[in-house]
Amino acid sequence: MLKQIVSGTALIAAALSSSLVFALDDARSSIHITATIPTKQFHVLPRNPDFGKDEVMHYNPVTNSLSPLRQTFDVKNTDGSVHAYILGGQASLTNGTDAIPLLTRFNNVTLTEFPQEVVTDAASTPGTQADMLIMASTVPLESQVGQYTADFTVIFDAVPRP
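## What to know about the layout of surface pockets
Working step 1: Its volume calculated, the largest pocket comes out at about 900 Å³.
Working step 2: If you go around the largest pocket, you meet 35 residues; those closest to its centre are Glu-55, Met-57, Leu-69, Leu-93 and Ala-150.
Working step 3: For the lining of the largest pocket, the leading source of residues is strand β1 (residues 42–46), giving three residues.
Working step 4: When grouped by side-chain class, the residues that make up the lining of the largest pocket number 23 nonpolar, seven polar and five charged.

Right, here's the structure in full:
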């Protein structure tokens, strides 16, 4: 009888101590949430909310070219037109030494460092869609090999009607 009590107590102690060990080990999950709710008067939002976070221009060895990037945006300005420009001027893919210039077009307008109208007042007032197209403006040279990256910002301005 004593053996049964001792072995039962040992089993209970072993079970409790192992559950205490499991309680000391935990799992965690970091969660980061953002939400952007545009105004009803002005917004320029890509249809794909992940656009611009990790884009890839694929290299085609047959044509010696980089694939273009295309994204559709929803655009609205109830008080006028929409202008856009590239902050700091024309963007380039670079590996730190060499550069491959990029051509960025929004709604068929080539973007530069100067603001220019990309969506008219008549089109932006009810809201419209416009495509952004980003492509290499030159073919890579034979010496341009390795990992190339580009980081740039396009600014969209709500321009009030005169």
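## Overview of the side chain of Thr-104
Working step 1: Relative to the elements of secondary structure, Thr-104 occurs in strand β7 (residues 99–106).
Working step 2: For Thr-104, the contacting residues outside a window of four places in its chain are Ile-86, Val-109, Thr-110, Leu-111, Met-132, Leu-133, Ile-134 and Phe-152.

## Description of the sheet that holds strand β11 (residues 154–160)
Working step 1: In space, the three strands of this open sheet follow the order β9-β5-β11, with antiparallel pairing throughout. Sheet topology places β9 (116–119) and β11 at the edges, where each strand pairs with a single neighbour. Ignoring which end each strand starts from, the neighbouring axes of this sheet average 45° apart.
Working step 2: Here seven bridges tie strand β5 (residues 80–86) to β11, and the two strands are oriented antiparallel to one another. Each bridged residue has a counterpart across the sheet, and for Ser-81 the counterpart in β11 is Val-159.

## Things to note about the side chain of Gln-71
Working step 1: Structurally, the position occupied by Gln-71 is in strand β4 (residues 69–77).
Working step 2: With sequence-adjacent residues up to four places away left out, Gln-71 is seen in contact with Pro-46, Arg-47, Asn-48, Phe-51, Ala-130, Asp-131 and Met-132.

## Describing the environment of Phe-106
Working step 1: Considering the arrangement of structural elements, one finds Phe-106 in strand β7.
Working step 2: Residue class for Phe-106 comes out buried when judged on its relative accessible area of 0%.
Working step 3: Residues Phe-106 and Arg-70, spaced 36 residues apart in sequence, show a C-alpha to C-alpha distance of 9.7 Å.
Working step 4: Once residues lying within four places of it in the same chain are set aside, the contact partners of Phe-106 are Val-44, Phe-73, Val-75, Leu-111, Val-118, Val-119, Ala-130, Asp-131, Met-132 and Phe-156.

## Some details on the pattern of salt bridges
When charged atoms on two side chains of opposite charge get close, those side chains can pair.
Working step 1: Counted under the stated rule, the structure contains four salt bridges.
Working step 2: The partner of Asp-50 in a salt bridge is Lys-53, with the nearest N and O atoms 3.4 Å apart.
Working step 3: Asp-50 sits in the partly exposed class, given a relative accessible area of 45%.
Working step 4: What makes Lys-53 exposed here is its relative accessible area of 61%.
Working step 5: Here Asp-121 ties to Arg-161 by a salt bridge, and the two come within 2.8 Å at their closest N and O atoms. Of the two residues, Asp-121 is situated in helix α2 (residues 121–124) and Arg-161 in the segment after β11; the sequence distance between them amounts to 40 residues.

Analysis parameters
- Residues numbered from 1 in each chain as written.
- Predicted model: local features only at pLDDT ≥ 70, side-chain atom pairs only at ≥ 80, totals over all residues.
- Heavy atoms only, no water.
- 1 Å grid on protein atoms, 1.4 Å probe; cavity = no way out; pocket = protein on both sides within 12 Å on 5 of 7 lines; lining within 4 Å.
- Points joined across faces, edges and corners; volume = space filled by probe spheres on them.
- Helix = DSSP H or I, 4+ residues; strand = E, 2+ residues; numbered from the N terminus.
- Nonpolar A, V, L, I, M, F, W, Y, C, P; charged D, E, K, R; others polar.
- Contact = heavy atoms within 4.5 Å.
- Pairing = 2+ DSSP bridges.
- Axes fitted to C-alpha atoms, helices over the stretch in contact; angles between N-to-C directions.
- Buried < 20%, exposed > 50% of the residue type's maximum accessible area, 1.4 Å probe, protein only.
- Salt bridge = Lys/Arg side-chain N within 4 Å of Asp/Glu carboxyl O.

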